Amino acid sequence: MLHVEAKDLSVQKTMSYLLGGVSPRPIALASTISKDGIRNLSPFSFFNAFGGNPPTVAFSPSRRQRDATTKDTYRNLVDTGECVIQTVTYSMVQQVSLASTEYESDVDEFVKCGLTPVKSDLVKPDRVKESPFQMECKVKQIIPLGEGPGSGNLVVCEVLKFHIAEDIFKDGIIHPDLIDTVGRNSANFYTRASGNAIFEVEKPIGRMGVGYDNLPEFIRSSHVYSANNLGQFANSEKIPTKDEVIQFAESFGRIEASEEIFHQHSTHKNYQMMLNVALALRQSKHPKSDTFIEQAAKCALECNDTVFAWKAALCADLPSKEP
Ligand SMILES: Cc1cc2nc3c(=O)[nH]c(=O)nc-3n(C[C@H](O)[C@H](O)[C@H](O)COP(=O)(O)O)c2cc1C
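Residues numbered from 1 in each chain as written. Predicted model: local features only at pLDDT ≥ 70, side-chain atom pairs only at ≥ 80, totals over all residues.

Focus on the overall build of the protein chain
Move 1: Looking only at helices and strands, one finds 12 helices and 14 strands in the protein chain.
Move 2: The C-alpha radius of gyration computed for the protein chain amounts to 27 Å, which surpasses the reference 20 Å derived for 323 residues by more than 25%, pointing to a less compact arrangement than a globule.
Move 3: For the protein chain, the proportion of its 323 residues judged to be buried stands at 31%.
Move 4: Restricting the contact set of the protein chain to residue pairs at least 6 apart, pairs at least 24 apart contribute 61%. (Helix = DSSP H or I, 4+ residues; strand = E, 2+ residues; numbered from the N terminus. Rg over C-alpha atoms; globule rule 2.2 N^0.38 Å. Buried ≥ 20, exposed ≤ 12 C-beta atoms within 10 Å, placed from the backbone. Contact = placed C-beta atoms within 7 Å.)

Pasting the structure below:
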């Protein structure tokens, strides 16, 4: 581990650690307008939402690292107290990157990056048509976080009006595959938050997981289960009883079993058959049968069948029968 006090780091190093370690960050594409009516559009990844009542978002147009001067967006926010913040999606990321160019203050960045301005209803700055999620905002507070190069200016905004494309909803929620947002990592890296990057973790809300401390030692010390697998076991509300496990194990019929058959089922993530084969191998005292049982349980966990996984895992603790 690298252990270092922040006071001993250069601003550049500090920024590079923050950008890499606090990532991926959502990106606000902030539309503002100067007091002379010049439109400005810039991305900010020091950004997030902080509450729903009232709806509150905040972002930070920092002082420039080279000379500690403030950015056009910051000055517009101070002068006008309004902005529109839009979510950045994959289909617009190159244009958004272009909008981060430091054009002179009198340049309309909508024109430069080719994104389309649309009139807002409650604030003066325009919205960006290409973004499926737009928030008309009024500035509630600007908190300067320093005066030097790289110092942040936390701009706290209240959302007055949302504009949301209807085609990003699925089953009543904004679905990650449909909104297809991008996040910012270190250097020039971005994350596309859809497709294979998306996975679900069941919420432990309203129930009490048994906890790590209640996991049987033979499960905790297994070389097959990952830390995430153990987390899934520990998130379950109850551990099956011995009788339940015996009944479960007896429900599997006798089948032809071999390592090869086990691996065939494993390729297809057929965890029921994997366990069936593993139990059959256990009866013939196959040396790898307990590992195979754990692999079947692991596969069930990874298919989100935690009830099956628990019972399968506990089969490894049953006394093996004589063949
Ligand atoms: C994806 C992305 C995220 C950025 N995030 C920030 C940020 O959080 N804070 C910041 O001050 N600059 C950030 N920048 C740089 C600004 O967008 C850039 O300085 C821009 O020119 C500021 O424009 P302005 O002077 O017109 O306000 C980011 C740039 C990109 C491409």
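More follows now that the structure is in view.
Quick word on the site of the ligand
Move 1: Surrounding the ligand, one finds 17 residues, the nearest of these being Ser42, Phe46, Lys71, Thr73 and Ser100.
Move 2: Looking at the shell around the ligand, the element that brings in the most residues is strand β3 (residues 39–44), giving four residues. (Near = placed C-beta within 6 Å.)

A few points about the domain arrangement of the protein chain
By a widespread convention, an interface's size corresponds to the accessible area lost as its parts come together.
Move 1: Domain assignment breaks the protein chain into domain 1 (6–197) and domain 2 (212–315).
Move 2: Placing a centre on the C-alpha atoms of domain 1 and another on those of domain 2 gives a separation of 47 Å. (Domains from an automatic or database assignment.)

Regarding the sheet that holds strand β14 (residues 190–192)
Whenever strands of a sheet pair, they do so through backbone hydrogen bonds, lying parallel or antiparallel.
Move 1: What the three strands build is an open sheet, ordered β1-β13-β14; its pairing is antiparallel. Either end of the sheet is taken by a strand with one partner, and the two such strands are β1 (25–26) and β14.
Move 2: Relative to strand β13 (residues 182–184), β1 runs antiparallel, the two sharing two bridges. Paired with Pro26 across the two strands is Gly183, which belongs to β13. (Pairing = 2+ DSSP bridges.)

Examining helix α2 (residues 72–80)
Move 1: Those residues of α2 lying buried are Asp72, Thr73, Tyr74, Asn76 and Leu77.
Move 2: Turning to α2, the residues buried within the fold contact β2 (28–33), β3, β6 (82–87), β9 (133–144) and β10 (153–164).
Move 3: Positive phi shows up at Gly81, right after α2, with a value of about 70°.

Some remarks on the pairing of β9
Move 1: Here β6 runs beside β9; their pairing, made up of five bridges, is antiparallel. Paired with Gln86 across the strands is Gln134, a residue of β9.
Move 2: In terms of strand pairing, β9 meets β10 through 11 bridges, oriented antiparallel. Bridge pairing in β10 links Met135 to Phe162.

Focus: the pairing of β6
Move 1: With six of six residues buried, β6 is to be regarded as a mostly interior element.
Move 2: Strand direction decides the pairing type here: β2 and β6, joined by four bridges, are antiparallel. Residue Ser31 lies in a different strand from β6, and its bridge partner there is Val84.

Looking at the sheet that holds strand β5 (residues 55–59)
Move 1: Sheet architecture is open: seven strands sit in the order β3-β2-β6-β9-β10-β5-β4, paired in antiparallel fashion. Both edges of this open sheet fall to β3 and β4 (47–52), since each of them pairs with a single strand only. Going from strand to strand, the sheet's axes swing by 30° on average, the running direction of each strand aside.
Move 2: Two elements, β2 and β3, share six bridges in a ladder whose sense is antiparallel. The residue of β3 that forms the bridge with Ala30 is Ser42.
Move 3: Along the sheet, α2 makes contact with β2, β3, β6, β9 and β10, crossing β2 at roughly 55°. (Axes fitted to C-alpha atoms, helices over the stretch in contact; angles between N-to-C directions.)

What to know about the packing of helix α11 (residues 289–302) against helix α12 (residues 306–315)
Move 1: Where α11 contacts α12, the two axes come as close as 8 Å, and the packing angle between them is 170°. Overall, the two elements α11 and α12 adopt an arrangement that is roughly antiparallel. Counting all contacts with α11, which are made through Ile293, Glu294, Ala296, Ala297, Ala300 and Leu301, the residues of α12 involved are Thr306, Phe308, Ala309, Ala312, Ala313 and Cys315. (Parallel < 35°, antiparallel > 145°, perpendicular 65-115°, else oblique.)

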